[in-house]
Amino acid sequence: MSFNNFIPTVWSAQMLKALKNDNVAVKLSDARYNETAKYGDSIKINGVGKVNVRDYVKGQPITRDGWQDQSTLIQIDQQKYFAFGVDDIDKRQAKGELMSALREEAGTALADVADSFIYSLHGDAGSKIKVDQVTSGNVLSTISSAIKALYKHNVPKNAQLSLEVSPDFMEKMLLADILYGQPNEDTIKNGYMGRVGKWMNIKVYMTNNLPQVGGKDVIFLRTKRAIAYVDNMNEVEAYRPEDSFEDAIKGLHVYGGKVVRPDELAVITCGYGAETKI
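Residues numbered from 1 in each chain as written. Predicted model: local features only at pLDDT ≥ 70, side-chain atom pairs only at ≥ 80, totals over all residues. Heavy atoms only, no water.

**Side note on the packing of aromatic side chains**
The relation between two aromatic rings is expressed through the spacing of the ring centres and the mutual angle of the planes.
Okay, so step 1: On inspection of all chains with the given rule, the structure shows four aromatic pairs.
Okay, so step 2: Summarising the aromatic geometry, the rings of Phe117 and Tyr255 are spaced 5.5 Å apart at their centres and angled 65 degrees between planes, so their arrangement reads as edge-to-face. Taken as a pair, Phe117 in helix α3 (residues 98-119) and Tyr255 in strand β10 (residues 246-259) lie far apart in primary sequence, 138 residues in all. You'll find Phe117 and Tyr255 in the same group, each marked buried.
Okay, so step 3: Ring centres of Tyr119 and Phe220 lie 5.0 Å apart, and the angle between their planes is 75 degrees; on these two criteria the pair is classed as edge-to-face. With a gap of 101 residues between them, Tyr119 in helix α3 and Phe220 in strand β8 (residues 216-222) connect regions that are remote in the sequence. No difference in accessibility class separates Tyr119 from Phe220, as the two residues are buried. (Phe/Tyr/Trp six-rings, centres within 6.5 Å; stacked < 30°, edge-to-face > 60°. Helix = DSSP H or I, 4+ residues; strand = E, 2+ residues; numbered from the N terminus. Buried < 20%, exposed > 50% of the residue type's maximum accessible area, 1.4 Å probe, protein only.)

**Concerning the pattern of salt bridges**
Okay, so step 1: According to the stated counting rule, one finds five salt bridges in the structure shown.
Okay, so step 2: As a salt-bridge pair, Glu164 and Arg222 come within 2.7 Å of each other at their nearest N and O atoms. Pair noted here: Glu164 is in strand β5 (residues 161-165) and Arg222 is in strand β8, with a separation of 58 residues, a long-range link.
Okay, so step 3: By relative accessible area, Arg222 is classed as buried at 0%.
Okay, so step 4: One salt-bridge network, held together by shared partners, links Arg225, Arg261 and Glu264. (Salt bridge = Lys/Arg side-chain N within 4 Å of Asp/Glu carboxyl O.)

As structure tokens, then:
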């Protein structure tokens, strides 16, 4: 890579695009807000209260409601950086675009960290379900309990629900599919588990970034509106370090997130039991 070809805004845009491709938690959050934010900023997310519906009586005056401001603020309080250099000798010996490959690796690492941040917000969920031992025999009823919790909180029935699971939880779902369904080649497809993903309008995503509490996995079920997220890659620089003969790149990723609709997020905290039927 020649610094003559380095355009910071292009690199920033490419890395943000790569982040959104690599993310699971961020991709499933409401990320439509201001992306020009800087560390320390507060982003206002507008919101209003519910509108009352009343009986109409002919000849009687109607009652007008004022509007309730239910806006919330997202603090841009996270900042993570990457920095790497490639020695001039290594560049000559390496084949291909070494700096571009390193950029991709940096993007993947930043995506994992951002996802872990989103999952750290699990304590603000409106519904919390605890299951000591999930097996292939009770995994579907466990998911159903979480779905019921969301619908009892008036989540729209046509809302797309996303279930984010650990590899262990995914295994129980796959075994349940074998026991109670018809396995097919679409079981894992397009980033989510196809057969279960089509069940009850849920798409299921597997990730290694989910947290644990007391040695138990924390599984997410939510709508896209449940968590709001704002990020920006506002500092990407190429430079020549004074103490070496190399090209170097450094970048700063700033972001923040918040559970803005707790009723649209349910978490399942669970351990796993041994299988006796399969």
